[in-house]
Amino acid sequence: MKKQSFVPRSLLLAGVMLGAFTLSAAAQQPAAAPAAQPLPPGSPLIGRPDNEAAAKLAPVAPPPLPSAPDKLPLAKLKVPAGFNVEVYAAGMANARSLALGDKGTVFVGSRLVDKVYAIVNKDGKRSVKVIASGLYRPNGVAFKDGTLYIAELSKISKIDKIEDNLDNPPKPTVIYDKLPKDEAHGWKFIAIGPDNKLYVPVGQPGNNVLHDADHGQIRRMNLDGSGAEVYALGVRNSVGFDWNPETKQMYFTDNGRDWLSETVPEDELNRVTKAGEDFGAPYCYQGNIIDQELGWGKSCKDYTPPVGLMGPHTASLGMRFYTGNMFPKSYKNAIFVARHGSWNKSQKQGGDVVVVKLNKDGTVKSVEPFMTGFLEDNKYVGRPVDVMLLKDGSLLVSDDWNGAVYRVSYGKPKVANQ
């Protein structure tokens, strides 16, 4: 006969109550937080310090649509005495790089939309046309002998005789497709040098990375896309360059790395004196700071230093030498630089156009404010991207935040019917 085991009723009740309490407590526990997803390659947030102040900093997204003409911040924009600012054209989403056609057409690239615009002057009136669409990051535009060149993320195209076909433009024809497809610093600026060659930068594929032989450089090629070669090395992210009208040397802006600190490194203004020069990135920044991550065993003395510094994280982009005759003589052959403005600084800096005056040896003598007012109460009301001279010597400034282009002139404004 088997023995039976008996458990006191009190213990059974205690066990039931304990089990119920455990289940209830478990149900009330917060669910485990999902594991943080890794950042995509090239994300600007890679390397962000783990602290409260840095956690508040991230790229600033522009408005999705261009501003209406009556909403543009024209009244906020300030220029030196004697200068005037007006709206040249509006309604162009994400208006970026500028190029001037032989017949006065102003071509405008974009980065976040798929379009290239043309600002057309006809019978004293200006209108905006879309002359190319369905493109991918068509940031860069350049013009030469009737042909418009367009730089997308990974290729360069051209449209011949564009000013004769603005109402029915042909599709762009690809002339070069050997550019990397990295999104980080992938948008391109292009320009044609005094040697009649096309120049295009290829930035580092991330904030601060050891790049390969296809990145961190400026290339040049023939106007048909042939003969491509590396012209400058150690370039982190250039979105603007031009040639000194006296020496024919190339000057280019270059954006310094993020997350080293809020005050260093500064953006650079560099000068190329010979093909093949190395400007240091990612080992050396601003000519005198060895990178704390990648600069071990390196020396800034081994690289070409900048001719001038443009402020920390100011996003110095488009630049042009002033060769016109409208502005006072003190501006002759000075450089106008559009500073898009910082995002990884608690107190933003930039968001303006500055004028860089040079010493006789080509180094920077001064960096002076020229067009301000895009930054108000630490928030952007506009963000300048590129500058360009018109044939009359006035200066155009693009603003991708508002989708507009402004014109800066000097002297008494002309009044209609006078």
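Treat the numbers as computed from the prediction; the structure is a model and nothing was measured.

Here's the deal with the nonpolar core
Okay, so step 1: Counting residues in each nonpolar core, the largest one holds 22 residues, and the members touching the most others are Phe 327, Phe 336, Phe 370, Met 371, Leu 395 and Val 408.
Okay, so step 2: Contributions of two or more residues to this core are made by β1 (83–89), β22 (335–339), β23 (352–358), β24 (364–371), β27 (384–389), β28 (395–399) and β29 (404–410).
Okay, so step 3: The element best represented in this core is β29, accounting for three residues.
Okay, so step 4: Residue contacts for Phe 327: discarding those within four places in its chain leaves Phe 83, Tyr 322, Phe 336, Phe 370, Gly 393, Ser 394, Leu 395, Val 408, Ser 409 and Tyr 410.
Okay, so step 5: Core analysis: the second largest hydrophobic core is formed by 17 residues, Tyr 231, Phe 252, Val 272 and Val 385 among them.

Considering the environment of Ala 118
Okay, so step 1: Following the sequence through the fold, Ala 118 ends up in strand β4 (residues 116–122).
Okay, so step 2: For the pair formed by Ala 118 and Gly 297, sequence separation is 179 residues and the distance between their alpha carbons is 50 Å.
Okay, so step 3: Excluding anything up to four places from it in sequence, Ala 118 contacts Thr 105, Val 106, Phe 107, Ser 127, Val 128, Lys 129, Ile 131 and Leu 166.

Quick look at the sheet that holds strand β16 (residues 266–272)
Okay, so step 1: With antiparallel pairing, four strands are arranged side by side in an open sheet as β14-β15-β16-β20. The open sheet is flanked by β14 (241–243) and β20 (308–312), the only strands paired with a single partner. Across the sheet, the axes of successive neighbouring strands diverge by a mean angle of 20°, strand direction being ignored.
Okay, so step 2: Pairing of β16 with β20, which is carried by three bridges, proceeds in the antiparallel orientation. What sits directly across from Glu 268, in β20, is Leu 309.

Description of the confidence of the model for the protein chain
Okay, so step 1: Overall, the prediction assigns the protein chain a mean pLDDT of 92, with 90% of residues at 70 or greater.
Okay, so step 2: Looking at the elements of the protein chain, mean pLDDT is at its lowest for helix α1 (residues 9–28), recorded as 43, and at its highest for β22, recorded as 99.
Okay, so step 3: This stretch, residues 1–27, has a pLDDT under 50; its non-local contacts, to residues over four places away or in other chains, come to one contact.

A short note on unusual backbone geometry
Okay, so step 1: A cis amide bond links Val 264 with the next residue in sequence, Pro 265, at an omega value of -5°.
Okay, so step 2: Tracing the backbone shows Pro 265 in the loop between β15 (250–254) and β16.
Okay, so step 3: Geometrically, the link from Ala 281 to Pro 282 is a cis peptide bond, its omega value of 5° lying close to zero.
Okay, so step 4: In this structure, Pro 282 sits in the loop between β17 (277–278) and β18 (284–285).

What to know about the pattern of salt bridges
If charged atoms from side chains of opposite charge come close, those side chains can pair.
Okay, so step 1: Overall, the coordinates contain 18 salt bridges when judged by the stated rule.
Okay, so step 2: As a salt-bridge pair, Lys 158 and Asp 160 come within 3.8 Å of each other at their nearest N and O atoms.
Okay, so step 3: For Arg 320, the salt bridge is made with Asp 386, and the minimal N-O distance between the two is 3.1 Å. Of this pair, Arg 320 sits in strand β21 (residues 316–321) while Asp 386 sits in strand β27, and the two are 66 residues apart along the sequence.

Reading the values: rules and limits
- Residues numbered from 1 in each chain as written.
- Predicted model: local features only at pLDDT ≥ 70, side-chain atom pairs only at ≥ 80, totals over all residues.
- Heavy atoms only, no water.
- Core = buried A, V, L, I, M, F, W, Y, C linked by side-chain atoms within 4.5 Å.
- Buried < 20%, exposed > 50% of the residue type's maximum accessible area, 1.4 Å probe, protein only.
- Helix = DSSP H or I, 4+ residues; strand = E, 2+ residues; numbered from the N terminus.
- Contact = heavy atoms within 4.5 Å.
- Pairing = 2+ DSSP bridges.
- Axes fitted to C-alpha atoms, helices over the stretch in contact; angles between N-to-C directions.
- pLDDT = per-residue confidence, 0-100.
- Salt bridge = Lys/Arg side-chain N within 4 Å of Asp/Glu carboxyl O.

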